[in-house]
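Results of the structural survey
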Amino acid sequence: MTRLIATDLDGTLLRDDKTLSARTLAALAAAEEAGIEVFFVTGRPARWMDVVRDHVQSHGTAICANGAVVTDLRTDGDLLSVRPLERAAALHVVRTLRERAPGTSFAVEMTTGINYEPAYPPFHLDPGATVAVAEKLLHEDAPDTGAPVIKLLAHHTELSPDAFLTLARTAAGDRAAFTRSSPSALLEVSGLGVSKATTLAACCAERGISPAEVVAFGDMPNDIEMLSWAGASFAMGNAHPDAVAAASGRTATNEEDGVAVVIERILATRAETR
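All values reported here derive from a predicted model rather than from experimental measurement.

The helix and strand tally for the protein stands at 10 helices and 13 strands. Taken against the 2.2 N^0.38 rule, which gives 19 Å for 274 residues, the C-alpha radius of gyration of the protein at 19 Å falls within 12% of a compact globule. Principal axes of the C-alpha set define a box for the protein whose edges measure 60 × 35 × 35 Å. For the protein, the exposed surface amounts to about 11700 Å²; the carbon and sulfur share of it is 53%. Between the mean site of the 24 positive side-chain charges and the mean site of the 36 negative ones, the protein shows a separation of 2 Å.

What follows is the structure in structure tokens.
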């Protein structure tokens, strides 16, 4: 029996205009009414969760930044847990990718916000970001005096997204976890062992929920581990081929309310068996 639904946001639960359809909202509410918990599991930082914050009922738990952060959306952005990327590992990744993929630019996501290099595409949602080279952004006057680093972002203008991901994992995969969720060559770098799946597994263990009782939804490479871990998982109709291969099933696209389609089916089956 399904006890928890774990869903990605962009390209999965959200439509392309970053809204939630009335059908999806109704399906989420019906799942909660049936006693099924709903977790939002996303690559977004916690501060970019307003797209769903106004629509939560009791499903306020969000796993953000690809598993680096757990937050409760019913609060003012309180971080329940943080799994940081060690600065030494982040610096190693920066040095390695500068050498192996010249032209790479970086951004550093911390618990205090995003900062990025002059060559990095600017974040219009974060106009107060500090702009400096990554080495300066990652510098600490003394060990453990700076804000925790949630993830490092690496952008390249010429490499293909999958080729860049393969290069980075080969060059520095022993020091950090690499994934991607953007259609561009933008990599997301987390602490070694940090993923949507590992944090979701820890949250489920705290609640006594087994993988077999979880249904997961996703569309991009950063969802692969979660789709593989969950007892039942669905790649969206618009999903990356690697996400499709990792999932146990497939649903309609995000524009066609693919998550709601499956939730409605789960609830209908539950009603028939009562």
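Strands sit in the order S7-S6-S8-S10-S9 across an open sheet of 5 strands; the sheet is antiparallel. Only two strands of the sheet have a single partner each, and these edge strands are strand S7 (113-116) and strand S9 (176-179). Here the strands of the sheet are splayed against their neighbours by 25 degrees on average, with no regard to which way each runs. Judged from the 4 bridges that link them, strand S8 (residues 149-155) and strand S10 (residues 186-191) form a sheet pairing that is antiparallel.

Considering the arrangement of structural elements, one finds Ser195 in the loop between S10 and helix H7 (196-206). The sequence separation of Ser195 and Gly113 amounts to 82 residues, and the corresponding C-alpha distance is 20 Å. Not counting residues within four places of it along the chain, the set of residues in contact with Ser195 comprises Asn66, Gly67, Arg83 and Glu225. At 3.2 Å, the side chain of Ser195 and the backbone nitrogen of Ala197 are in polar contact.

So, on to the pattern of salt bridges. Tallied over the full model, the rule gives 17 salt bridges. Between Arg3 and Glu213 there is a salt bridge whose closest N-O contact spans 3.4 Å. Residue Arg3 is located in the segment before strand S1 (4-7), and its partner Glu213 is located in the loop between H7 and strand S11 (214-218); the two are separated by 210 residues in the primary sequence. Residue Arg47 pairs with Glu109 through a salt bridge whose shortest N-O separation is 2.5 Å. A residue pair is termed long-range when its members are at least 10 positions apart, and Arg47 in the loop between strand S2 (37-41) and helix H3 (50-53) and Glu109 in strand S6 (residues 105-110) qualify at 62 residues.

To continue, consider helix H4 (residues 87-100). With 14 residues, H4 ought to run about 20 Å at 1.5 Å a step, and its terminal C-alpha atoms sit 20 Å apart, in line with that. Those residues of H4 not exposed but buried are Arg87, Ala89, Ala90, Val93, Val94, Thr96 and Leu97. Those residues of H4 hidden inside the fold are in contact with S6, helix H5 (134-137), S8, helix H6 (161-172), S9 and S10.

As a further point, take the packing of H4 against H6. Between H4 and H6, the least distance of the axes is 10 Å, while the angle of their chain directions is 120 degrees. In terms of axis orientation, H4 runs oblique to H6. Crossing of H4 over H6 shows right-handed handedness. Contact residues: H4 offers His92, Val93, Thr96, Leu97 and Arg100, while H6 offers Phe164, Leu167, Ala168, Ala171 and Ala172. The residue makeup of the contact of H4 with H6, split by class, is 7 nonpolar, 2 polar and 1 charged.

With respect to the helices and strands, Arg180 occurs in the loop between S9 and S10. In this structure the C-alpha to C-alpha distance between Arg180 and Asp10, which are 170 residues apart in sequence, comes to 13 Å. Not counting residues within four places of it along the chain, the set of residues in contact with Arg180 comprises Pro161, Asp162, Leu165, Leu186, Leu187, Glu188, Met220, Pro221, Asn222 and His240. Within the local environment of Arg180, its side chain forms a polar contact with the side chain of Asp162, the two groups lying 3.0 Å apart. A polar side-chain atom of Arg180 sits 2.5 Å from the main-chain carbonyl oxygen of Ser182.

Rules used throughout
Per chain, the residues get numbers from 1 upward, laid out in the order the sequence is written. A pLDDT threshold of at least 70 governs which residues receive local features in this predicted model, and a stricter bar of 80 or more applies before side-chain atom pairs are shown or counted, although totals over entire chains, interfaces and linings include all residues. Side-chain numbers come from the whole structure's heavy atoms, not from hydrogens or water. Numbering of helices and strands starts at the N terminus; helices are DSSP runs of H or I of at least 4 residues and strands are runs of E of at least 2. Radius of gyration here is computed from C-alpha atoms only, and the compact-globule reference equals 2.2 Å multiplied by the residue count raised to the power 0.38. Method for areas: the Shrake-Rupley scheme with a 1.4 Å probe, in which residue coverage is limited to the protein chains shown. The sign given to each residue is positive for Lys and Arg and negative for Asp and Glu; His and the chain ends receive no count. Here the site of a charge means NZ on Lys, CZ on Arg, CG on Asp, or CD on Glu. Whether two strands pair depends on DSSP finding at least two bridges between them. In this analysis an axis means a line fitted to C-alpha atoms, helices contributing only their contacting stretch, and an angle means the value between N-to-C directions, from 0 to 180 degrees. Any two residues whose heavy atoms approach within 4.5 Å at even a single point are treated as in contact. Nitrogen and oxygen atoms within 3.5 Å of one another constitute a polar contact, given that in protein one can donate a hydrogen and the other can accept it, and given that sequence-neighbouring residues count only through two side-chain atoms. Between Lys or Arg on one side and Asp or Glu on the other, a salt bridge is scored when a side-chain nitrogen of the former is within 4 Å of a carboxyl oxygen of the latter. Expected helix span is given by 1.5 Å per residue-to-residue step, counting one fewer step than there are residues. For every residue, the accessible area (1.4 Å probe, protein chains only) is compared with the maximum for its type, and the residue is labelled buried under 20%, exposed over 50%, or partly exposed between those bounds. Roughly parallel here means an angle under 35 degrees, roughly antiparallel means over 145, roughly perpendicular means 65 to 115, and every remaining angle is called oblique. A crossing counts as left-handed when the near helix is turned anticlockwise from the far one by less than a right angle, and as right-handed when that turn is clockwise. Asp, Glu, Lys and Arg are counted as charged, while Ala, Val, Leu, Ile, Met, Phe, Trp, Tyr, Cys and Pro are counted as nonpolar; the rest, among them Gly, fall into the polar class.

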